[in-house]
Amino acid sequence: MIFFATVALVFRRVCTLAKRTSSSFLSALSLIWRGTKAAALWVMLLVSAAPLWADPPPITALISDVTVIDGLGEAPLLHRYVLLQEGRIASIDTKQPVVGADVVVIDGRGFYLLPGFWDMHAHTFADTTAMELYLAAGVTGLRDMGCPENCTTKLGEVRQAYLSGSGVYPRLVFSGPMIDGDSPYDDYASHRQINLQTLPDALAVLQKLQVDFIKVRDFLSRDEYMALVGAGAAMQLQLAGHVPISLSVNEAVRSGLSTVEHEGSLFGGLLLACSSDESKLRDELRDMMRKATASGDVKTLYAEALNAGFVDRLLNSYDPNKADALVQAFVDSDAALVPTLVMLEPMLRSADPEFNGRRKVEDEEFIDAPDTLISGWRETAGKEVLGQPFSDLDRAAMARQYNQVVKLIGKMHRAGVPILAGTDASFPDGTPWVWPGYSLHDELELLVSAGLAPSEAIASATGAAAAQMGLSDTGVIAAGNRADLILLGRNPLEDIRNTRAIKRVWVNGQPVDRDALLDRVKRRAEDHENYWE
Ligand SMILES: [Zn+2]
């Protein structure tokens, strides 16, 4: 589930919905569960019947005279003829190939062909609507970063359906339940809390669920984390996630954390690694987290860790030499960063009237989100962070933290660290101002503002993402690869916002009926109260 397990809106909405009101945080969890159960039902329908989304026979199509943006960050290839056959990209020619009369020819003049995007940090809860939103937005690959066991089973069915090429499904890779140590998130359904004794059981569950990687979280002890590193190597599974507070980021990536998410951890892990006061600040943070685990009080933890006094000490102790060492650790170990700026920005820049989350209300990307969700985001924007009223001083410090993180991302990028596009979108409850599908386009925009060229931002959601996951048949427009593609009507290399100008989407070489998908999503959104049922 989302970064902090839950955020302001969830608190608010859940207070009105959940029967269990002992604490708003726990109530949020019960809502998440309800969503998950609903998701399970939807996916059962999806998998047991004929494909819900579309069931055309695999077509042979030729996209003629199109500009290809291959996903590797290279210069565009002009006037290309791309043949789609049996779900794959059969050929890419500079001249029109001779094709039979049965081949559908799509005039690509003035259009831009890209690989389908990956959201490298998604929480779909296996919900059909979430997947429909993604596909309509050209996001054909999802790295699901944590869901409970029954939800993971459903994800496995969708993964298989995609791989068999039998219908229009997103391509999935997933972690299943996140693995954490003893934490205050006791009831968090997507979590599995382990210790050294219970670790083998957890690994057996992951194995049974056939997960693609292991998601780790902040509360793991050093021994638990290192045991997971060993297990991951034995099971040939990458580790990805938050850097546990018990380790430095440098140590975590050097020991094999393949992707680092968000700003490194719940509370500024990357900046901790850049601090001349790292060990002292880390000890303090660890104490705050221990206290929260003992009391179950996460609100106090957030209040302390995002307090201006603590944040300013973190920022003011920034040491360029330590930043260089951090970057070097990533470079040496081929680790990537998935910063999910689109989630961090609304949270850390809540005091900034310019913060773009608030204007997004009017934007089409939220048109399919239930009004109740949007009104909750609007209500808490600028007033609360993580469900709590922080002072102006605190929120100004958080905004500085955001700016510092963005600068660091630019530095990492210039040094060759893969920066990958992920959103932390969570469905159906939503991460404030983040919504499945179009928020990935927002993330691309934010990555460009952090210093990536548009072609590099596109690669962050395509070729670079595939490379980091070790997938060789996706993310790049190349002969033999799966034909998961987007056709754009405007040039995204001129303006990254043009990735939204989607004309067509293909999955496994089959056209996605975007209008039908969005229609269904809209009808469901109109029935707000049942959105979660
Ligand atoms: Zn997440």
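Residues numbered from 1 in each chain as written. Predicted model: local features only at pLDDT ≥ 70, side-chain atom pairs only at ≥ 80, totals over all residues.

S.K.: Help me get a handle on the overall build of the protein, residues and values and all.
M.R.: In terms of regular secondary structure, the protein is built from 20 helices and 18 strands. Relative to its full complement of 533 residues, the protein shows a buried share of 56%. Expressed as a percentage of contacts within the protein between residues at least 6 apart in sequence, the contacts between residues at least 24 apart total 71%. (Helix = DSSP H or I, 4+ residues; strand = E, 2+ residues; numbered from the N terminus. Buried ≥ 20, exposed ≤ 12 C-beta atoms within 10 Å, placed from the backbone. Contact = placed C-beta atoms within 7 Å.)

S.K.: Could you give an account of helix 20 (residues 514–526), with specific residues and numbers?
M.R.: Here helix 20 is 13 residues long and its end C-alpha atoms lie 18 Å apart, about the 18 Å a rise of 1.5 Å per residue gives. Burial in helix 20 covers these residues: Leu517, Val521 and Ala525. Burial along helix 20 is one-sided: seen end-on, the buried residues are contained in an arc of 65°. Pointing more than 90 degrees away from the buried face of helix 20 are the exposed residues Asp515, Lys522, Arg523 and Glu526. (Expected span 1.5 Å × (residues − 1). Arc of directions from axis to C-beta.)

S.K.: How would you summarise the nonpolar core if you had to cite specific residues and measurements?
M.R.: In terms of nonpolar packing, the biggest core is built from 152 residues, with Val82, Leu113, Leu135, Leu447 and Ala465 touching the most fellow members. Ranked by residues supplied to this core, first place goes to helix 16 (residues 392–414) with eight residues. Not counting residues within four places of it along the chain, the set of residues in contact with leucine 113 comprises Ile63, Val66, Thr67, Val68, Ile69, Val82, Gly108, Ile477, Leu485 and Leu487. (Core = buried A, V, L, I, M, F, W, Y, C linked by C-beta atoms within 7 Å.)

S.K.: Can you tell me about the pairing of strand 12 (residues 238–241), naming the residues and giving the values?
M.R.: Residue alternation in strand 12 divides its side chains into two sets, Gln238 and Ala240 and Leu239 and Gly241, and both sets are buried. Sheet topology note: the strand 11 (residues 213–216)/strand 12 ladder contains four bridges and is parallel. Bridge assignment links lysine 215 to a residue of strand 12, and that residue is alanine 240. With helix 6 (residues 222–235) bridging strand 11 and the parallel strand 12, this β-α-β connection has right-handed handedness. In terms of strand pairing, strand 12 meets strand 13 (residues 257–261) through three bridges, oriented parallel. The residue of strand 13 that forms the bridge with alanine 240 is threonine 259. (Pairing = 2+ DSSP bridges. Right-handed = clockwise from strand over helix to strand, strands pointing away.)

S.K.: Give me the lowdown on the sheet that holds strand 7 (residues 139–144), citing residues and values where you can.
M.R.: Strand-to-strand pairing in sheets goes through backbone hydrogen bonds, with the strands running parallel or antiparallel. Within the open sheet, the four strands sit side by side as 8-7-6-15. Their pairing is parallel. Pairing within the sheet leaves two strands with one partner each, and these edge strands are strand 8 (171–174) and strand 15 (425–426). On the sheet, helix 4 (residues 149–164) packs against strand 7 and strand 8 and is oriented at approximately 140° with respect to strand 8. (Axes fitted to C-alpha atoms, helices over the stretch in contact; angles between N-to-C directions.)

S.K.: I'd love a proper account of helix 15 (residues 371–380), names of residues and values included.
M.R.: Listed as buried for helix 15 are Leu373, Gly376, Trp377 and Thr380. Projected down its long axis, helix 15 shows its buried positions confined to an angular sector of 100°, all on one face. Of the residues flanking the end of helix 15, it is glycine 382, one or two places downstream, whose phi is positive at about 80°.

S.K.: Give a detailed account of the pairing of strand 3 (residues 88–93), specifying residues and quantitative values.
M.R.: Two faces belong to every sheet, and in a regular strand the side chains alternate between them. Relative to strand 3, strand 2 (residues 77–85) runs antiparallel, the two being bridged by five bridges. If you follow valine 82 over to strand 3, its bridge partner there is isoleucine 92. Here strand 2 hands over to strand 3 after two residues, with glutamate 86 in that stretch at a positive phi of 50°.

S.K.: How would you explain the environment of glutamate 132 if you had to name every residue and give the values?
M.R.: Inspection of the secondary structure assignment puts glutamate 132 in helix 3 (residues 128–136). Spatially, the C-alpha atoms of glutamate 132 and alanine 516 are 9.5 Å apart, while their sequence positions differ by 384 residues. In this structure, glutamate 132 is in contact with Leu517, Arg520 and Val521, ignoring residues within four places of it in sequence.

S.K.: Tell me about the packing of helix 12 (residues 320–333) against helix 16, and name the residues and values.
M.R.: Where helix 12 contacts helix 16, the axes come no closer than 10 Å and their chain directions differ by 50°. When the axes of helix 12 and helix 16 are compared, the pair comes out oblique. Where helix 12 crosses over helix 16, the handedness of that crossing is right-handed. Contacts from Ala323, Val327 and Phe330 in helix 12 reach Leu408, Lys411 and Met412 in helix 16. (Parallel < 35°, antiparallel > 145°, perpendicular 65-115°, else oblique. Left-handed = near helix turned anticlockwise from the far one by under 90°.)

S.K.: Describe the environment of serine 258, with residues and values.
M.R.: Secondary-structure assignment places serine 258 in strand 13. Classification of serine 258 as buried rests on a count of 20 C-beta atoms within 10 Å. Put simply, serine 258 and glutamine 238 are 20 residues apart on the chain and 6.2 Å apart in space, counted from C-alpha to C-alpha. Those residues in contact with serine 258 that sit more than four places away from it in its chain are Gln238, Leu239, Ala240, Ala335, Ala336 and Gln468.

S.K.: Describe the confidence of the model for the protein, with residues and values.
M.R.: Taken over all residues, the pLDDT of the protein has a mean of 87, while the share at 70 or more is 85%. The model gives residues 6–52 a pLDDT under 50, and that stretch makes 96 contacts with residues more than four places away or in other chains. (pLDDT = per-residue confidence, 0-100.)

S.K.: Account for unusual backbone geometry, with residues named and values stated.
M.R.: For aspartate 65, which is not glycine, the phi torsion reads 55° and is therefore positive. With respect to the secondary-structure elements, aspartate 65 resides in strand 1 (residues 61–68). Of note, tryptophan 433 is a non-glycine position whose phi angle comes to about 65°, a positive value. Take tryptophan 433: it is sitting in the loop between strand 15 and helix 17 (438–449). By C-beta crowding, tryptophan 433 is classed as buried, having 27 other C-beta atoms within 10 Å.

S.K.: Describe the packing of helix 13 (residues 341–348) against helix 16, naming the residues involved and giving the relevant values.
M.R.: The geometry of helix 13 relative to helix 16 is characterised by a closest axis approach of 8 Å and an angle of 155° between their N-to-C directions. Relative to helix 16, the element helix 13 lies roughly antiparallel. Within the contact between the two elements, helix 13 uses Leu344, Glu345 and Leu348 and helix 16 uses Met398, Ala399, Gln401, Tyr402 and Val405.

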